[in-house]
Structures are given as C-alpha cells and as structure tokens.
Amino acid sequence: MKNIILISKLLLLTVVSFTISSCSDDEPIQIALYLPIADFSHEDFDKKIVFTDKSENADSYYWTFGDGETSTEQNPTHFYRTNKKFTAELTIRGEKGKTSSKKMIIDLSDGNSPGGTEDVKITLDGNFSDWLAVPASMLATSKIASYVTDLVSLKEVKLCGNEDYLFFYIKADGTKFNVVQFYIDKDNSEESGFLGWSWANMGAEFLFEGGKAENLAPTVFEYDDAKGNGGTEWAWIERYKPDSKAIEISNFVAGENNIVEVEGRIIRSFIPNLGRTIKVGVVGVNAEWAQSGLLPSKLEDGGLNQAMTVKLP
Ligand SMILES: [Ca+2]
Ligand SMILES: [Ca+2]
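Conventions used here
- Residues numbered from 1 in each chain as written.
- Chains lettered and ligands numbered in written order.
- Predicted model: local features only at pLDDT ≥ 70, side-chain atom pairs only at ≥ 80, totals over all residues.
- Heavy atoms only, no water.
- Donors = N, O, S within 2.8 Å, 3.2 Å for Na, K, Ca; no water.
- Helix = DSSP H or I, 4+ residues; strand = E, 2+ residues; numbered from the N terminus.
- Buried < 20%, exposed > 50% of the residue type's maximum accessible area, 1.4 Å probe, protein only.
- Core = buried A, V, L, I, M, F, W, Y, C linked by side-chain atoms within 4.5 Å.
- Contact = heavy atoms within 4.5 Å.
- Salt bridge = Lys/Arg side-chain N within 4 Å of Asp/Glu carboxyl O.
- Pairing = 2+ DSSP bridges.
- Axes fitted to C-alpha atoms, helices over the stretch in contact; angles between N-to-C directions.
- Phe/Tyr/Trp six-rings, centres within 6.5 Å; stacked < 30°, edge-to-face > 60°.
- Polar contact = N/O pair within 3.5 Å; in protein donor to acceptor, adjacent residues only side chain to side chain.

By the naming in an unreviewed UniProt entry, the protein chain is PKD domain-containing protein, taken from Dysgonomonas alginatilytica.

Trainee: Whenever I open this one, the coordination of the calcium ion (ligand 1) confuses me. Can you help?
Mentor: Reference values for coordination geometry: four tetrahedral donors around a metal ideally subtend 109.5 degrees, six octahedral donors ideally subtend 90 or 180 degrees. In the first shell of the calcium ion (ligand 1), the protein supplies Thr-123 (O), Asp-125 (OD), Asn-127 (O), Asp-130 (OD), Asp-130 (OD), Glu-263 (OE) and Glu-263 (OE), at 2.3 to 2.8 Å from the metal. Of note, the calcium ion (ligand 1) draws all its donor residues from one chain, in the sequence arrangement T-x1-D-x1-N-x2-D-x132-E. With Thr-123 in the loop between strand E7 (99-107) and strand E8 (140-143) and Glu-263 in strand E18 (residues 259-267), the pair connects residues that are 140 residues apart, well separated along the chain. Look at Thr-123 and you get partly exposed, because its relative accessible area is 43%.

Trainee: What exactly am I supposed to notice about the nonpolar core here?
Mentor: Where a protein is soluble and globular, its nonpolar side chains tend to be buried together. Leu-159, Ile-170, Phe-182, Ile-184, Phe-208 and Ile-266 are the most contacted members of the largest nonpolar core, which has 30 residues in total. Only strand E9 (154-161), strand E10 (165-173), strand E11 (179-185), strand E13 (206-211), E18, strand E19 (277-285) and strand E22 (308-311) provide two or more residues apiece to this core. It is E10 that contributes the most residues to this core, 4 residues altogether. Ignoring anything within four residues of it in the chain, the contact list for Phe-182 reads Leu-159, Phe-168, Ile-170, Phe-206, Leu-207, Phe-208, Ile-266, Val-280, Gly-281 and Val-282.

Trainee: Would you mind showing me how to read the coordination of the calcium ion (ligand 2) here?
Mentor: Looking at the metal site, the calcium ion (ligand 2) is ligated by Asp-185 (OD), Asp-187 (OD), Ser-189 (O), Ser-192 (O), Ser-192 (OG), Gly-203 (O), Glu-205 (OE) and Glu-205 (OE), spaced 2.3 to 3.0 Å from it. Each donor residue of the calcium ion (ligand 2) lies on the same chain, and together they follow the pattern D-x1-D-x1-S-x2-S-x10-G-x1-E. Exposure remark for Asp-187: the relative accessible area of 37% places this residue in the partly exposed category.

Trainee: Looking at this model, I keep getting lost on the pattern of salt bridges. Mind explaining?
Mentor: Side chains bearing opposite charge may pair, as long as their charged atoms lie close to each other. In total, this model carries 7 salt bridges according to the counting rule given. Between Arg-81 and Glu-163 there is a salt bridge; the shortest N-O distance is 3.5 Å. One end of the pair, Arg-81, is in the loop between strand E5 (77-79) and strand E6 (85-93); the other, Glu-163, is in the loop between E9 and E10, with 82 residues separating them in the sequence. Using a relative accessible area of 51% as the deciding quantity, one classes Arg-81 as exposed.

Trainee: Whenever I open this one, the sheet that holds strand E2 (residues 48-53) confuses me. Can you help?
Mentor: Whether parallel or antiparallel, the strands of a sheet pair through hydrogen bonds between backbone atoms. The 3 strands lie next to each other as E1-E2-E5, forming an open sheet whose pairing is antiparallel. Strand pairing shows two members of the sheet lacking a second neighbour, strand E1 (40-45) and E5, which therefore form its edges. Strand after strand, the sheet turns through a mean of 25° between neighbouring axes, direction not considered. Pairing of E1 with E2, which is carried by 6 bridges, proceeds in the antiparallel orientation. For Ser-41, the partnering residue across the bridge sits in E2 and is Thr-52.

Trainee: Just to check I follow, could you spell out the packing of aromatic side chains for this structure?
Mentor: Remark: the centre distance and the inter-plane angle together describe each pair of aromatic rings, the angle taken between the planes. Per the stated rule, a full pass over the model turns up 23 aromatic pairs. Between the aromatic rings of Phe-40 and Trp-63, the centroid separation amounts to 5.0 Å while the plane-to-plane angle is 70°, which identifies the pairing as edge-to-face. Here Phe-40, found in strand E1, pairs with Trp-63, found in strand E3 (residues 60-64); they are 23 residues apart in sequence, far enough to count as distant. Between Tyr-240 and Phe-270 the ring centres are 4.6 Å apart and the planes differ by 85°, which places this aromatic pair in the edge-to-face class. Placement of the pair is Tyr-240 in strand E15 (residues 236-240) and Phe-270 in the loop between E18 and E19, with a sequence separation of 30 residues.

Trainee: For this particular structure, what's the right way to read the sheet that holds E3?
Mentor: Taken in spatial order, the 4 strands make up an open sheet running E4-E3-E6-E7, and their pairing is antiparallel. Across the chains shown, the open sheet's two edge strands, defined by having one partner strand only, are strand E4 (70-71) and E7. Note that E3 and E6 share 5 bridges and pair antiparallel. Paired with Thr-64 across the two strands is Glu-89, which belongs to E6.

Trainee: In this structure, what is going on with the side chain of Gln-181? I would like to understand it.
Mentor: Position of Gln-181 among the secondary structure elements: in strand E11. Gln-181 sits in the buried class, given a relative accessible area of 7%. Other than its neighbours up to four places away in sequence, Gln-181 contacts Leu-207, Phe-208, Glu-209, Gly-281, Val-282, Val-283 and Val-285.

Trainee: What exactly am I supposed to notice about the environment of Gln-181 here?
Mentor: For the pair formed by Gln-181 and Gly-211, sequence separation is 30 residues and the distance between their alpha carbons is 8.7 Å. Side chain to side chain, Gln-181 and Glu-209 meet in a polar contact 2.7 Å long.

Trainee: Before we go on, may I ask you to explain the environment of Ile-106 in this structure?
Mentor: Relative to the elements of secondary structure, Ile-106 occurs in strand E7. Residue class for Ile-106 comes out buried when judged on its relative accessible area of 0%. Sequence separation between Ile-106 and Ala-88 is 18 residues, and the spatial gap between their C-alpha atoms is 6.7 Å. Apart from the residues lying within four places of it in its own chain, the contact partners of Ile-106 are His-42, Ile-49, Phe-51, Tyr-80, Lys-84, Lys-85, Phe-86 and Ala-88.

Quick look at the structure:
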C-alpha cells in the first residue's frame, strides 16, 4: 500500500512538473516570436549613409537621423549635410502597438568615415569608366527592351547626381537621333507637371532639350501648371535659351554599328526646388523632328512603364 501511494505521488509530481515545464517552454517562445525587436546596420559613403533594417516583427518603421530629418521607409538612404556626430534612431511598431527602438551613433566628425567613397564625380571627358565608380544606390540605369522595334535610337541611359549637377550617359544609334529630351519630375509626384504619353505616374516640371548639332544647343522649358489642364496639355514655357549652357556634354565617342556614347551634365541650379528623389524619362528625336527613341521603353503590351527614379544628395 505504501508503495502504491508513493508511486501515485511520483506520477502526480511528474504530471505537474510536465505541465509547468510545457507552459514555461511554450508561452515565452510565443511572446518572443511576436515582440518587435529593433535592429539595423549602416554603410557609409562619405556623408551618404545607407541604413539596412534588421528588425524582427515590425509592421512600421520610423527613423530619426539626428539632423531633424525623418523617414518611414524600411531601408532609407540618408544624406547628412555636415560632418558631425549624429544619433540615428529606428523605432519599429509591431503587433498590438508594441514598439522597440535602437540608436546608433553616426560619426562623420572626421570628415572621412570608414568605408567612405568620394562624392559622385563624373568628368565630361568621353571616358566612361568614372560611371563604374558611382555607388549602385545613386545610379539609375535604363536599357532598351529587347522587344522594341520602332523607337530604337536610344540604347541605354544612366543618370546620377551630386550637389551641383545631374549627370547623364547616353548610348545611342548616332544615325537615328538629333535631339535628346529629358523630362524631369522634380518632386516625384504626378500631382504637378506634365503627365505626357510616355511614362506612368510621372508629372514633369522641366524639359531639357539638347541637340547633337551646334545649332540645336540646350534649351530649358518649364511646365505651366496653370495652363496645363491637370498636366494633360502641352504647355511648356521656354525658361532658358541655348546660351544659358544649362547642359554641357563631352565629345561623342563613336563605336561599331553607328553606336555613339556621350556623357553630360545638367546644372541643378536651373531647376529650383529639385527634390532628392526625382523621376526622369528620356526621348530621342530624329532629324525630321519625329520621336525615334524612348527610355525607359514602354511595356511589351504597349502600356506605360515607370520613369527612371534618381536619388540625389
Ligand atoms: Ca567621364
Ligand atoms: Ca511633378
């Protein structure tokens, strides 16, 4: 009898202890699975910092960069204007509004942060190797789509910028274009500017037109929103005449099969209030003033593609 009681007590103890351990195993794990945990890393390119989110269980992100600017992107790129010490902080919000934060010091005080590279620097010398040094996050590239058969003059366009210039690289069929037009959506919003017929979700405030021949030197047009009827009418006003030198280019470098390459720059001060994220679309025009090229290309079904997104410091 004694033995039986002892055994049953032992059994009871085992059951109880199993229950406790199963509770303590399960519940904390469940809580840990859903609690937001803020974490991030950053890569420095001089004053440009690329933040990479490494958080767990985040539904939304709020970054403060320590210089008064904020972002709600998951992986923002931020440009600091001065070489100082900044505290960047990421606050994430997860299930049931629970939040978690992480701070990190971004020390730019030595003016030469670890892993830093030079600012975007393109020299208009007809040597295009400087484009290879542009950080990927700052470089926008568009190549002609393989299915395009009509608008074939423009083969490739690259864009990037620094504090002073918007740089471009063009590879094109030199026999098929005479003029290149850059449509620039300076605020990355289709609520303002010319909607056009070539790209989706773009409202361009500025049109820079540059020719191959000397007599087709660059002209700058600004869109007249008041007369544009919501961006649907062709209502461009000539703002700067060719002698303004708003666009400068290198020599054209000739390759095989009539291919030419050229690099150039648009002076940023010609575009007041240029945003840090802009959209750009490029059109090629032939000697008969008919459209001969388009980048980004239209979609294969003829639908409108997105324009190029360019990040500027
Ligand atoms: Ca160059
Ligand atoms: Ca716009």
